[in-house]
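The primary structure of each chain is shown beneath.
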Amino acid sequence: MAIIETANLTYTYPGSTRSSLQDVTIEIKKGEFVVLTGPSGCGKTTLCRCFNGLVPHFYGGELQGDVTVTGLNVTQQAICDLAQHVGLVFQSPENQLFALSVEKDVAFGLENLGIPRDEIQKRVDWALRMTGITNIRERAPHELSGGQQQRVAIACVLAMQPDVMILDEPTSFLDPVGAQKIFDVISRLNKDLGITTILVEHRLDLAGKFANHVIVMDEGKVMLDGEPRGIFTSEDARLIGVGIPKATRLYQVLREKGVSLKRIPMNPEEAARSLREVLTLD
Amino acid sequence: MSVFEGFKFRRVYSPIHQLDPRVKFFYVLAIFVIAIMFNQLLPLILLFLIQLPFVFIAGVQREWIRSLRGALLFATMIFVFNFVFTYFWTEYPLLPSPSLLEHSIAMTLRFIVLVESFSVFFLTTSPDHLGLALEQSHVPYEFCFAFTTAVRFVPVLAEEAQTIMDAQKARGLELERGNFIKKVKNYIPVLIPLIVSAIRRSLELAEAMESRAWGATKKRTNLYVLRMKRGDYVLILISATILILAAYFWIFYREQIPLLSSLLIPLRLAAA
Ligand SMILES: Nc1ncnc2c1ncn2[C@@H]1O[C@H](COP(=O)(O)OP(=O)(O)OP(=O)(O)O)[C@@H](O)[C@H]1O
Ligand SMILES: [Mg+2]
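Residues numbered from 1 in each chain as written. Chains lettered and ligands numbered in written order. Predicted model: local features only at pLDDT ≥ 70, side-chain atom pairs only at ≥ 80, totals over all residues. Heavy atoms only, no water.

### Topic: the sheet that holds strand β2 (residues 21-29) of chain A
Residue and element names in this part refer to chain A. Here 4 strands make up an open sheet; going across it, the order is β2-β1-β4-β5 and the pairing antiparallel. At either end of the open sheet lies a strand with only one pairing partner, and these are β2 and β5 (72-73). Sheet strands touched by helix α1 (residues 44-51): β1 (2-12), β2 and β4 (62-69). Its angle to β2, the strand with the most contacts, is close to 60 degrees. (Pairing = 2+ DSSP bridges. Helix = DSSP H or I, 4+ residues; strand = E, 2+ residues; numbered from the N terminus. Contact = heavy atoms within 4.5 Å. Axes fitted to C-alpha atoms, helices over the stretch in contact; angles between N-to-C directions.)

Quick look at the structure:
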């Protein structure tokens, strides 16, 4: 069942002469883990904004085509109504936290919805637990590390119990270890709670293995859309400049040299297993 | 570090910190009104002393002394002006006498008492609580939100200003050179990037707020509520008692409040 659908979506920011999205038609199914990637400026953030109504309601501009999210037509819904179904985590963790304590920040969305206080308390506790930050609930945002801030941002969105969670380069300010931890949190939410997840990411080495659907964009268009192993090994992906996982790249190089592995590896563990198979065959 | 150290509210848990900000504000107002009612030294000294227990129970002595030190320059000015102007400009000039000295000291102390009470209030009230108190006093939520968000971003902007200053210095900008006008001009290359980035930041902030259902309903709920506890009622009682006593003395004995110097002189005579 499709939870997000776009049909011939074309969008131009106000005052801009070029369309940032051109004829985008995609379908995302319930429970999927989608990795959205592509070179800088290709329109990934813009597409995410279409999913929760920031485009066109917040930004204005000209939108053609259809966007449907959880059965709602985005152009006809207010952002605050869409916010209950779609959570958006932004790139910079600092600018999406505005309260003076973690707890209060996580409660912000629920307060806006007018949910009763004991219910808010329950959901805040739950969101903090799911993201593993219960121990810092009373801290102020400026007392937190970047990774902690980003987890708070995820908890803020999670507390609203969205059907879809969109994360726009959530780890670009983090080191690889911090990034790994964030990805683990996201992946767990996707697996355990079945939240449909859309992750915008360049570093596919870390994120690629979680994906079961990859969308590659370039210059406002969707270039590749499908199953990750197929896309990572395609020549097009490499030409567009997608940061293919190194394990998958190794597979390609070996194939060019005449060594073919049985399966396409997505991470070092899989690569090691496939290599061992080949080696014992010889 | 030092630039924004002072902006960070230190989270401490003392009985004073736990009090309802509205009640604390009532207390500050009471002190304020009394300080304005009397211009004699004796009641003002009492007023100064009454507040000391609050400072010590809250455990904010160090910060409190720092804020008083900050008021020192202004206090000195008030003292000098009072001394000089009362001497020259009144129709029946008071001679430089113990009573003139006492009057000037009293005016200075009045200022210090005001600073003292406000600093106790702000040192022991978390901005979070203050925002909540505003909200529960029916101030529109937009204002309360603007207030807490401003407090939230002060350390961020201070840090950013420091970064920009360092960056511009690395490019050869000299901030401390020239006369006053020149110095102010020197800060333009710091201010402009700071303003631009603050605007960009505010746009991102607005986007994040929208994405979290800002304005979904008129009837917002709140994770925290302020509830009056026993301590709050005690403080109301204390404030009201002080206020009533002060009013009583002001109505009936205003003219009879002795000068401190007149009390001291007989003592000295007795000693001699
Ligand atoms: N607010 C805006 N107003 C006008 N044009 C914009 C705006 N935001 C983005 N654009 C333009 O839209 C195009 C797509 O930008 P977008 O931010 O969606 O790219 P992106 O894929 O997210 O890039 P990055 O990886 O750098 O985040 C770019 O050409 C950009 O210049
Ligand atoms: Mg982007």
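### Overview of the packing of aromatic side chains
Considering all chains together, one arrives at 23 aromatic pairs over all chains under this definition. Centroid distance Phe 58 of chain A to Tyr 59 of chain A: 5.2 Å. Interplanar angle 75 degrees. Geometry classified as edge-to-face. Given a relative accessible area of 27%, Phe 58 of chain A falls into the partly exposed group. Put simply, the rings of Phe 98 and Phe 108 of chain A together with Tyr 141, Phe 145 and Trp 214 of chain B touch in pairs and so form one group of aromatic residues. In this structure, Arg 152 of chain B is placed above the aromatic ring of Phe 153 of chain B, and the distance from its NZ or CZ to the ring centre is 4.4 Å. Looking at Arg 220 of chain B, its charged tip hangs above the ring of Tyr 141 of chain B, at a distance of 3.8 Å from the centre. (Phe/Tyr/Trp six-rings, centres within 6.5 Å; stacked < 30°, edge-to-face > 60°. Buried < 20%, exposed > 50% of the residue type's maximum accessible area, 1.4 Å probe, protein only. Lys NZ or Arg CZ within 6 Å of the ring centre and 35° of its normal.)

### A look at the domain arrangement of chain A
Residues and elements named next belong to chain A. Split into domains, chain A comes out as domain 1 (1-85 + 162-241), domain 2 (100-161) and domain 3 (245-282). Centre-to-centre, using C-alpha coordinates, domain 1 lies 29 Å away from domain 3. Across the boundary between the two partners, domain 1 contributes 10 residues, which contact 12 residues of domain 3. With both chains or domains summed, domain 1 and domain 3 bury close to 1000 Å², and 57% of this area falls on carbon and sulfur atoms. Contact with domain 3 buries surface across domain 1, with Asp 205, Arg 229 and Thr 233 losing the most and accounting together for 55% of the total. Taken together, domain 1 and domain 3 are joined by 2 salt bridges. One can count 4 residue pairs in polar contact (both at pLDDT 80 or more) joining domain 1 with domain 3. Taken together, the elements giving at least two residues each to the side of domain 1 that touches domain 3 come down to α8 (204-207) and α9 (228-233). For the side of domain 1 that touches domain 3, the element with the most residues is α9, which contributes 4 residues. (Domains from an automatic or database assignment. Buried area = accessible area lost by both parts, 1.4 Å probe. Salt bridge = Lys/Arg side-chain N within 4 Å of Asp/Glu carboxyl O. Polar contact = N/O pair within 3.5 Å; in protein donor to acceptor, adjacent residues only side chain to side chain.)

### Some thoughts on the pattern of salt bridges
Applying the stated criterion across every chain yields a total of 16 salt bridges over all chains. For the salt bridge of Arg 201 of chain B with Glu 94 of chain A, the shortest nitrogen-to-oxygen distance reads 3.2 Å. Here Arg 201 of chain B is found in helix α10 (residues 188-211), whereas its partner Glu 94 of chain A is found in the loop between β6 (86-89) and α4 (102-112) on a different chain. Here Arg 201 of chain B falls in the buried class, since its relative accessible area comes to 10%. A salt bridge links Glu 235 of chain A to Arg 238 of chain A; the shortest N-O distance between them is 2.9 Å. Taken together, the residues span about one helical turn, with Glu 235 of chain A and Arg 238 of chain A both in helix α10 (residues 235-240) at a distance of 3 residues. Under the relative-accessibility criterion, Glu 235 of chain A is labelled partly exposed at 41%. One continuous salt-bridge network, built from bridges that share partners, spans Glu 94 of chain A together with Glu 160 and Arg 201 of chain B.

### Overview of the packing of helix α2 (residues 21-37) of chain B against helix α3 (residues 41-58) of chain B
Residue and element names in this part refer to chain B. Axis separation between α2 and α3 bottoms out at 10 Å; the angle between their running directions is 165 degrees. Compared by their axis directions, α2 and α3 come out roughly antiparallel. As for the relative orientation of α2 and α3, their crossing is left-handed in sense. On the side of α2, the interface is formed by Tyr 27, Ile 31, Ile 34 and Ala 35, while α3 contributes Leu 44, Leu 47, Gln 51 and Phe 54. Its residues placed into classes, the contact of α2 with α3 shows 7 nonpolar, 1 polar and no charged. (Parallel < 35°, antiparallel > 145°, perpendicular 65-115°, else oblique. Left-handed = near helix turned anticlockwise from the far one by under 90°. Nonpolar A, V, L, I, M, F, W, Y, C, P; charged D, E, K, R; others polar.)

### Brief notes about the site of ligand 1
All names here are of chain A. Contacts to ligand 1 come from 13 residues, most closely from Ser 20, Ser 40, Lys 44, Thr 45 and Thr 46. Contact distances for ligand 1 include 2.5 Å between an oxygen atom and a side-chain N or O atom of Ser 40. Here an oxygen atom of ligand 1 sits 2.8 Å away from a polar atom, N or O, in the main chain of Gly 41. Protein contact buries 65% of the 630 Å² of open area that ligand 1 shows by itself. (Near = heavy atom within 4 Å. Areas by Shrake-Rupley, 256 points an atom, 1.4 Å probe, with all protein chains shown as cover.)

### Considerations on the interface of chain A and chain B
The partner chain B presents 38 residues to the 42 residues of chain A that form the contact. Carbon and sulfur atoms supply 56% of the area buried between chain A and chain B, which totals about 3500 Å² over both sides. Summed over the shared surface of chain A and chain B, the number is 4 salt bridges. Where chain A packs against chain B, one counts 19 residue pairs in polar contact (both at pLDDT 80 or more). Of all the secondary structure elements, the ones that give two or more residues to the side of chain A that touches chain B are α2 (54-58), α3 (79-82), α4 and α5 (117-131) of chain A. A total of 9 residues in the side of chain A that touches chain B trace back to one element, the largest contributor, which is α4 of chain A.

### A closer look at the side chain of Glu 160 of chain B
Summarising the element assignment, Glu 160 of chain B is placed in helix α8 (residues 141-170). For Glu 160 of chain B, a relative accessible area of 17% corresponds to the buried category.

### Examining the nonpolar core
With 56 residues, the main nonpolar core has Val 106, Val 152, Ile 154, Phe 183, Ile 186 and Leu 199 of chain A as its most contacted residues. Top contributing element to this core by residue count: helix α6 (residues 146-158) of chain A, with 7 residues. Two domains each provide a minimum of three residues to this core, namely domain 1 (1-85 + 162-241) and domain 2 (100-161) of chain A. Contact partners of Ile 154 of chain A, with chain neighbours within four places excluded, come to Val 89, Thr 131, Met 165, Leu 167, Ile 182, Ile 186 and Leu 189 of chain A. Among the nonpolar cores identified, the runner-up in size contains 41 residues, and Ile 4, Leu 9 and Val 69 of chain A together with Phe 145 of chain B belong to it. (Core = buried A, V, L, I, M, F, W, Y, C linked by side-chain atoms within 4.5 Å.)

### Here's the deal with helix α7 (residues 127-136) of chain B
Taken together, the buried positions of α7 of chain B are Pro 127, Asp 128, Leu 130, Gly 131, Leu 132 and Ala 133 of chain B. Tucked into the core, α7 of chain B has its buried residues touching α4 of chain A together with α2, α6 (98-124) and α8 of chain B. Phi for His 138 of chain B, located one or two positions after α7 of chain B, is positive at around 65 degrees.

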